[in-house]
Amino acid sequence: SRSSIRFSSFFSPLVPQSHTPTMAARRQNDCEGQSSDPYDANSASPDTYHVLPKESPEEYDAVTGAIEKMKPAFSKIGFGGVVGYCSGIAAKKVGKAIAVLAGVAFIALQSAVYSGYIDVDWKKVEEDVVKKIDTDGDGKITGEDAINYWKKVKAMLTDKVPSAGGFSLGFLYGVSSN
């Protein structure tokens, strides 16, 4: 068709047919500044054609390159970091579900209070909740209470886990990930 002729004639001068880069040139281009541009933007000559590597995935690919760069970090993360990350993601999901349920329950209860069906002593509810959650006995929910709960949860989740050194970092990363 007429449009395919225009398309092919437009791009044919941009793509040299006889140029086949060496394996070394492919590897160099693979790791440095890839772009969708057929030419290397920093080069003045079209002879430095930018080609993605075409070797088999077993030989070399982008994931292998990324893993090679991250080897030192992977060796330090260990099993504890991996299970910490998974636990963090699970805690985040469960925490969100509990927050939704608590929010729905509060809305329903407060709607009934507002409508006059029931009477709730919120001051008494607050006192009872604080008594249950307060771990240091100061009568308030503070950062120290959160630290005490974290120590209890961490002790439970890392009990008899080999190489649990990276658990806290993995857990924090899992909770904070999208």
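Residues numbered from 1 in each chain as written. Predicted model: local features only at pLDDT ≥ 70, side-chain atom pairs only at ≥ 80, totals over all residues. Heavy atoms only, no water.

Glancing now at the overall build of the protein chain. The secondary structure content of the protein chain amounts to six helices and zero strands. Along its sequence from the N terminus, the protein chain presents helices and strands in the succession α-α-α-α-α-α. Burial analysis of the protein chain (178 residues in total) assigns 15% to the buried set. Considering only contacts in the protein chain between residues 6 or more positions apart, those separated by 24 or more positions represent 51%. Accessible surface computed for the protein chain: about 13600 Å², of which carbon and sulfur atoms make up 63%. (Helix = DSSP H or I, 4+ residues; strand = E, 2+ residues; numbered from the N terminus. Buried < 20%, exposed > 50% of the residue type's maximum accessible area, 1.4 Å probe, protein only. Contact = heavy atoms within 4.5 Å. Areas by Shrake-Rupley, 256 points an atom, 1.4 Å probe, with all protein chains shown as cover.)

What follows is about the pattern of salt bridges. This structure, assessed with the given rule, holds two salt bridges. In this structure, Lys 123 engages Glu 126 in a salt bridge whose closest nitrogen and oxygen atoms are separated by 3.7 Å. You can see Lys 123 and its partner Glu 126 sitting in helix α4 (residues 122–133), three residues apart, about one turn around the helix. According to the relative accessible area criterion, Lys 123 is exposed, its value standing at 53%. The partly exposed category is assigned to Glu 126, whose relative accessible area is 45%. Note that Asp 128 and Lys 124 form a salt bridge whose closest N and O atoms lie 3.3 Å from each other. Separated by four residues within a single helix, Asp 128 and Lys 124 lie in helix α4, roughly one turn from each other. What makes Asp 128 partly exposed here is its relative accessible area of 32%. (Salt bridge = Lys/Arg side-chain N within 4 Å of Asp/Glu carboxyl O.)

Across its 16 residues, helix α5 (residues 143–158) extends 22 Å between first and last C-alpha, which sits within 8% of the 22 Å expected from 1.5 Å per residue. Just past α5, the residue Lys 160 takes up positive phi, approximately 65 degrees. (Expected span 1.5 Å × (residues − 1).)

Position of Cys 86 among the secondary structure elements: in helix α3 (residues 62–115). Expressed as a C-alpha distance, the spacing of Cys 86 and Val 175, which sit 89 residues apart in the sequence, is 9.0 Å.

Before going further, it helps to spend a moment on the environment of Asp 145. Along the polypeptide, Asp 145 turns up in helix α5. Between the C-alpha atom of Asp 145 and that of Asp 134, which follows or precedes it by 11 residues, the distance is 6.1 Å. With residues near it in sequence (within four places) discarded, Asp 145 still touches Ile 133, Asp 134, Thr 135, Asp 136 and Lys 140.

Moving on to the confidence of the model for the protein chain. Of all residues in the protein chain, 64% attain a pLDDT of 70 or more, and the chain-wide mean is 76. Taken element by element, the predicted model of the protein chain shows its lowest mean pLDDT in helix α1 (residues 2–11) (46) and its highest in α4 (92). Note that pLDDT drops below 50 for residues 1–16; the model gives that stretch six contacts with residues more than four away or on any other chain. (pLDDT = per-residue confidence, 0-100.)

Let us now look at the packing of aromatic side chains. Here the structure, examined in full by the defined rule, presents five aromatic pairs. Through a chain of ring-to-ring contacts, the aromatic side chains of Trp 150, Phe 167 and Phe 171 assemble into a single cluster. Positioned over the ring face of Tyr 149 is Lys 152, at 5.5 Å from the centre of the ring. (Phe/Tyr/Trp six-rings, centres within 6.5 Å; stacked < 30°, edge-to-face > 60°. Lys NZ or Arg CZ within 6 Å of the ring centre and 35° of its normal.)

Glancing now at the packing of α5 against helix α6 (residues 167–176). Packed helices, taken two at a time, are described by the angle their axes make and the gap between the axes. Packing of α5 against α6 leaves a shortest axis separation of 11 Å and a crossing angle of 110 degrees. With respect to α6, the element α5 is oriented roughly perpendicular. In this structure, α5 crosses over α6, and the sense of that crossing is right-handed. Residue-level contacts link Trp 150, Lys 154, Leu 157 and Thr 158 of α5 to Phe 167, Ser 168 and Phe 171 of α6. Here the contact of α5 with α6 is composed, by residue class, of four nonpolar, two polar and one charged. (Axes fitted to C-alpha atoms, helices over the stretch in contact; angles between N-to-C directions. Parallel < 35°, antiparallel > 145°, perpendicular 65-115°, else oblique. Left-handed = near helix turned anticlockwise from the far one by under 90°. Nonpolar A, V, L, I, M, F, W, Y, C, P; charged D, E, K, R; others polar.)

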